[in-house]
Each structure stands twice: as structure tokens, then as C-alpha cells.
Amino acid sequence: MVWGSNTGVGKTLVSTGLASSILSSSSSSEPTKFNYIKPVQTGFPSDSDSRFVYRKLSEYFLYRKPRVSLLASNHALKASIPAAKEVLGAEIEDEWLEKSDSGLKDLCWYDERRIQGMDSEVVGSELVCKTIYGWKEAISPHLAVEREGGNLEDSWLLDSLQKCFRVGLVDGGNEGKGVWTIIETAGGVASPGPSGSLQCDLYRPFRLPAILVGDGRLGGISGTISAYESLKLRGYDVVAVIIEDHGLLNEESLMSYLRNRVPVLLLPSVPQDQSNNLMEWFDESQNILFSLKEIMQSSFSERLRRLQDMPKKAGDIFWWPFTQHGLVPEGNVTVIDSRCGENFAVHKVRNQELITQQFDACASWWTQGPDPTLQIELARDMGYAAARFGHVMFPENVYEPALQCAELLLEGVGRGWASRTFFSDNGSTAIEIALKMAFRKFSSDHGILLDFCKGNMVERFIDFRVLALNGSYHGDTLGAMEAQAPSSYTGFLQQPWYGGRGVFLDPPTVFISSRSWNLSLPLVLQSEKLKPEEMTFSSRSELFCGIRDASDLARSPSVQPRVCRRWVYNIDEVIQAAGGMHMVDPLFQRILVKECRNHNIPVIFDEVFTGFWRLGVESAAELLGCLPDIACFGKLMTGGIIPLSATLATDAVFNAFKGDSKLLALLHGHSYSAHAMGCTAAAKAIQWFKDPLTNLNITTEGRLLKELWDLELVNQISAHPVVKRVVTLGTLFALELQAQGSDAGYGSLYANSLLRGLREDGIYMRPLEVSVNGTHYPPVYPEPNQTGTAFPGSVPHISVLDQNRQEPELTF
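Note that the structure is a prediction, hence the values are computed from the model and not measured. (Residues numbered from 1 in each chain as written. Predicted model: local features only at pLDDT ≥ 70, side-chain atom pairs only at ≥ 80, totals over all residues. Heavy atoms only, no water.)

1. Some words on the pairing of strand β16 (residues 509-513)
Put simply, the rule reads: Here the term buried applies to any residue with accessible area under 20% of the maximum for its type, exposed to any over 50%, and partly exposed to those in between, with areas from a 1.4 Å probe on protein chains only. The secondary structure listing takes helices from DSSP runs of H or I that are at least 4 residues long and strands from runs of E that are at least 2 residues long, numbered from the N terminus. For two strands to pair, DSSP has to find at least two bridges joining them.
Here β16 lies mainly inside the structure; five of its five residues are buried. Side chains of β16 alternate between two faces, with Thr509, Phe511 and Ser513 and Val510 and Ile512 buried alike. Where β16 lies against strand β17 (residues 516-520), five bridges are found, and the strand directions are antiparallel. Within β17, the residue paired with Ser513 across the bridge is Ser516. Two successive antiparallel strands, β16 and β17, enclose a turn made up of two residues, where Ser514 displays a positive phi of approximately 55 degrees.

This is the structure we're talking about:
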């Protein structure tokens, strides 16, 4: 893709020169096809870059008389009505021109010429020039749309460009040809496209290698460096910078700045005489343009080689989390070239090698939040933070990113209860900090701390326990594991030190099955006195309704927990994520919190997964209608772009650590506590997610997410015979498949065929197969990302394979 540091810097001359260098060096034994694509053209048709390339290449071939023949063509696909009249002639009827919803007309305009080579009449090389969209007035595309009509959404433009890629590769007669494609942008790197989106953002989903045409004029050094930085900030690879010689030695400054990271090439000065046909200039430029061609080809080959080698190298040197390497053949490794918003760009080898879009249905292990716009915003703000602050050791310091982030946390997820923010690096660590806080709070409230202070505070020991839920999961560090029930994660093979320092209750869970919400009670809570209407619900809102607090179920003695001898209550908020995507009955959680309050037991909410709109509200505490003493947040807090976590606490918890001795302080911290980039990203994401102007999925009041899941479709899926249960809440959609015997459990490979099919259909997924307390749950699939659509645009057909049964089909 050819970019310009500004308008009028010679992008089209570079494109034409590249085409001449590539096509004139072609041979009849190795013919070449060169595609030149101009997606957006204003000043059309009088000023048409594709026509310039077409004409100048034709002239140059006649001038140079190369050995091979050339078939050259120029195409114009669509144009605004004023531009269409210019192309098709004034005699075209207005009624025909006006028959267009978008204000763009199909031109299907085409021009072709054959230039015979010296050695053969056989056409060896081919030049195809295309203008996809044109407007008459020579102004910025977004203004041309405003004045002439022809509204063009970004997705339409990208789709049209992608079709041109495909046509350029699979056209008949391309066999045995080397195919080059150059896409030339309009104006500068940050010039607006037809919709107003900056071009560097508009074309980002393709992330094509970039040739930057710099500015050799006065002031051009600054403009070229700014353009380069804008492209790099958005993840483009700049293969080379090429500028016209204006005698100001701009190239030397650029080479010094780029420090040989990127080649800088210097073209001869372009003749100013308008009558000059530039043939001598093209001749004089051939060596430079040939060097540019070699640089492009070398860069492409190196990129391709790296992509081809990555699966094997990954298998040789990576140690992936949660992965049995022997079960991952090389062909199953997903090679990710980049991501843009919801989608990965992945390298695939089918009939040919390609980079294609793949929807990230894993949401980057449940952290993906940004749409493409927020992704760029976060990258820019994080770069600013790194440039301004670098790294700051946090104790006894204050700086803007950390202060702003803490303020937003306390005004948002901590609103109405929290007064302090303790920063750490990830959710597991946030939980361990919360446990330390809770143990101290309990010790202070129950006189234990006073007894310890009278003796040796360092050598004394007391056995604290947590009250938690079976199926809970709070991370993989050793301390966090002690606060969760036995599971595949805590067994001897994973954690030989595990003791399970808690009392773990079997919670009631709720789910959709056969089109209705159902309450599933563990044996210890079951009672013949319970009414059927208390076990089945017509809607999710009934589940969370406070009226249930006065129901017979809430007053049942079997539901009232005995917690008076337990000291800390640590719960997953509403949804047990890694524990199997189970929704815990909110009534049960409210009763537990109430009982803990009655016995002065600190309550910890683990919101590392559920916080920041995951469940449709900023904090899951809003769904429960009760508040914690301590809560932990991570994952989506930074928009999912960089690790950071926070443990929020009340004044009462904080005051339990105050005293005259440093030994009374919370002796916990990290070298990168409250690091600038993480706090900056968090501040941006927290504000972005709750603003209806930036997050289109949120209500205008900014308090709730709109319903992301089609309720009728959810009910249909829940009634399918291969589906055991469905859970939907906020951004979360999880389904559990029917499975038995060897098909069930954490070691099951039951989902492999399903995952392979999904990935071939453009959807990246991993299963969440869990085994908790000996109870095996088959695959449960994670949620869509925070700000994106529930499913990608192309709806997949999913087949669940089982050798022992007739193949059922599950269609979304």
C-alpha cells in the first residue's frame, strides 16, 4: 500500500515507476501481472491516477520497446452522479442516473490496449488499473461525499477492495504469473476517507505492508516523520521511505532518525515542464525503483517465511498455558499476524497461502474489549504515558495516570462503598491482596489483632479459613488456589501444596433449558416444601428481583448457611467463569452476604472476570443489590490491552492497617504497581465503556448494556437436543453440550472437531472443559467481546461429532 506524507508528494509517480520496473523486467517465461488499485479518487475523471498509470506505462513500453508484450487496461467501477455524467456523457438520462440508493452509480467503464514486444506477439505481462470509487470535485473525499452524495461506509469500501484483491489473484490466465498489487491511498496518511475516518484507520483491517512516499520539500522532514509514526502507531510495517530530491538533504535527516530501521531512497527531481512526458525521468529513476522493488520482494519473502516457520518454532520453544502440547499438531497452531478490534488476521495455508480474518470468540481469554477505534486510542494514550513517565516506583508517589484511574474506580465500580484502591498486576494477585486485607479486618474486629500486638507479631500464627463456593476459581497462584475448592487446577499434578483452606458450599445455579430459566438446587438445599414457581422463571429479571428475598425459598432453614465460625467470605460475582460458566442464584449470594454481615465477617467480591460491563452493568454488585468490603478487578479494566488489577476496599478495611509500626502496614507490592501505561489504559477504557457516544451498546443513561442476545434465538438453542444448558447475561453467552462418559470432563477431546470446524469458518474458539469436585462438565464456550456484536457477520453452521451417535447438527 502506497502512502503519502502529504498530498502532492508523488505517490502516483512512485506507483507508475514501480509498475514500469516490475513489468519491463518481466520475461515471456516468467510473465508478470501488476494490479494498480485506487480505492478513492476525487477530481474524477479529469484527474484519474489509475488513468495516469495506465497511460504512462503504455507510453513507457512504446518508448523502451521491451522484449515482452503488454496487455494494459484501465477500469472505473463506481462514481458519484456528477462524476458519472462526466464519464458517460451528457446524453445519459437523469432518470437512470438517479436510480441509486447510495448516490453511487455502477460505471463498468473499461479501456484496453495491447503493446507488442520485440520478441513475441504473445502477451507476456499485464497491467490492470482500477479506480473503485470516484467523485468529480477535487477536494477531500469526505467533503466530496457531502457535496455530491455517494455516501460510502467504511465496510463497503473495504469489501470492494477485498473483492479487487480476489479478482486480481484468481482471474483466468494468471497461472504461472507473478502477481503484484499496489493500492494507492488518497492525500496523506491521516487524510479522511469518504466516511470521515482517517485512512490510516480505515485500511487498518488489511494491515498491508506500507511504502511511505516522503516529502523532500521545506518542512517535509517533520511531515514524513509524523506520517511514519502514525503508521507505526497503528501497527503497519513500513517497508521503505522514498522521497523526491529537492536539494534540501531531507533524506539524510530521515536516515538519521530512522537509524537504518527502514531504507530511505532518493528519487531524481521531477521536471517541472508540463510538456515533459517523463520518459527520461523514468529511465533515470529505474535503478532506485528497482531497488525499491527488491526491498519489497525481500520484505515480503521474509514475512512469508516467518509466518510459515512460526507453528513449528512455537511448538519447539513455547510452553503454552492450559495446553497439553502432545495434543496440538503443528497444523492446529493459529498464526496471528495482527488483530483489529474483534478480529484476528491469521495466516492460513489452503490451496494457497493467505491472511484472513478470524473472529475472536475467546475474546483474548476474556479480556478483549476495544473496538478498532478504542484500540487506536489506547495505543496512542499508552504511548503518551510511556513517553511522559516511563516507569515510576509507586510508594509515597502520586502521578496523573494512577490518580485518575483510582478516582474513576472509586466513582464507578466502587461507588457508594469503596474509599481505597490498591494496584497490582493481575487478578490472581488482586485476590491474594484481598485475602490479606480480609484477614486483618477480621482480626481487628474480633480482638485477635490486639492479642497479637501484645506479643511477637512476626512469629505468631493463626489458622484462617475462607467461606467460598464449590466451582470457584480465583487464579493460579498458590495463595489464590487455597481459597478455591478442589478441582483439576488444584490436584496433586498441578499443586502438591494445596490444602484448600476453606469451607466450600454447593451453590444453587440457574440456567436456560427448554426455553425457560431453571433453578438447580444441590441436595443439601432441596426441600419438598418448595413450590414449582420458585424453581422456574420466565425471564432473567425475575431471578434478580428483590421480591425473591421474601419467598419461602429464602426463608427455608436449609438455605440459611451457618457461617458464624468462618472468618472470610470470598465469592465469584454471579458467574463462575473458569469454573464452568455457571450462574449462581443471586438470592443465595444475597443471603450469604447478609449472614456474613450479621457475624462481622468480611466479604470479598471477585470481579476480575465480571467487572466492567461483562454482565451488563459496570459492577456485578449492582445485579446482586448488596455491597462487599473488598472487591477485585482486572481483565477488562484496561480494555484488555495490558495487565493491571486493582483491589478496592472500604475505610474500615484500610483503617485496620493503620498504626505506629511499619509491620502493621500492608506489606505487599510490585515493582510495577500502578504502572503508567496500565493506569492510562484503564482510565481511557473505563470512560469509553460507559459513554453512549463511544460505546454504542450502552443505554443513553450509561447504566446498563443493551440486550446483546436475541432472546428467541437463545430459547431455540436451549431447546436443541444436544444442548444441556445455556447462560446469557450482558456480554456473556455460554452453552454446555450434552456429553457422557469419556466425552465429559477436563481431559475430554470431545470438542476438537467442533473447534476445527469453527476455525475453518473464521471463528477462533477454545473450549472451557472443567472438572470440579469430581463433577465433570463438558465444553462451555466463552462470550463475545465487550463492545462488539454478539456473533460475526457470517453465521456459522456447527456440527458436534460423536462416533457413538448419529451426528446431530447445531445451527446458529
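2. Some points on the state of the cysteines
In plain terms, the rule: Sulfur atoms of two cysteines make up a disulfide when they are within 2.5 Å.
This structure, assessed with the given rule, holds zero disulfides. Cys405 carries a free sulfur, and the closest cysteine sulfur to it, the one in Cys679, is 4.6 Å from it. On the basis of relative accessibility, which here comes to 0%, the residue Cys405 falls in the buried class.

3. Some remarks on the nonpolar core
Quick reminder of the rule: In this text, buried Ala, Val, Leu, Ile, Met, Phe, Trp, Tyr and Cys residues form a nonpolar core when linked through side-chain atoms within 4.5 Å. The contact criterion used throughout is that any non-hydrogen atoms of two residues lie within 4.5 Å.
In terms of nonpolar packing, the biggest core is built from 108 residues, with Leu409, Phe423, Val574, Ile575, Met583, Phe612 and Met637 touching the most fellow members. With nine residues, helix α22 (residues 676-690) is the single largest residue contributor to this core. Not counting the four nearest positions on each side in its chain, Ile575 is found in contact with Met581, His582, Met583, Phe609, Thr610, Leu615, Val727, Leu729 and Leu732.

4. Details of the packing of helix α8 (residues 220-233) against helix α9 (residues 250-258)
When two helices pack together, you describe them by how their axes are tilted relative to each other and by the distance separating the axes. Rule in force here: For helices, the fitted axis covers only the stretch in contact; all axes are lines through C-alpha atoms, and the angles between them, taken along N-to-C directions, range from 0 to 180 degrees. By definition, turning the near helix anticlockwise from the far helix through less than a right angle yields a left-handed crossing, and turning it clockwise yields a right-handed one. Think of it as three bins: nonpolar holds Ala, Val, Leu, Ile, Met, Phe, Trp, Tyr, Cys and Pro, charged holds Asp, Glu, Lys and Arg, and polar takes everything else, Gly as well.
Two elements in contact, α8 and α9, have axes separated by 10 Å at closest approach and are oriented at 35 degrees. As α8 packs across α9, the resulting crossing turns out to be right-handed. Here Gly220, Ile221, Thr224, Ile225, Tyr228 and Glu229 of α8 lie close against α9, whose contacting residues are Asn250, Ser253, Leu254, Tyr257 and Leu258. Residue composition of the contact of α8 with α9, grouped by class: six nonpolar, four polar and one charged.

5. As for α9
Rules: Working note: the arc is built from the helix axis to C-beta atom directions.
All of the buried residues in α9 are Asn250, Glu251, Leu254 and Leu258. The buried side chains of α9 occupy one side of the element, clustering within an arc of 95 degrees when seen end-on. Looking at the residues trailing α9, positive phi occurs at Arg259, about 50 degrees.

6. Remarks on the sheet that holds strand β9 (residues 264-267)
Read across the sheet, four strands follow the order β1-β7-β8-β9 without closing on themselves; strand pairing throughout is parallel. Every interior strand has two partners, whereas the edge strands, β1 (2-4) and β9, have only one. This sheet shows a mean twist of 25 degrees between the axes of neighbouring strands, independent of strand direction. Summarising the sheet, β1 and strand β7 (residues 210-213) pair through three bridges and their orientation is parallel. Counterpart to Trp3 in the pairing with β7 is Leu212. The sheet contacts of helix α1 (residues 11-24) involve β1, β7, β8 (238-244) and β9, and relative to β1 the element is tilted by about 155 degrees.

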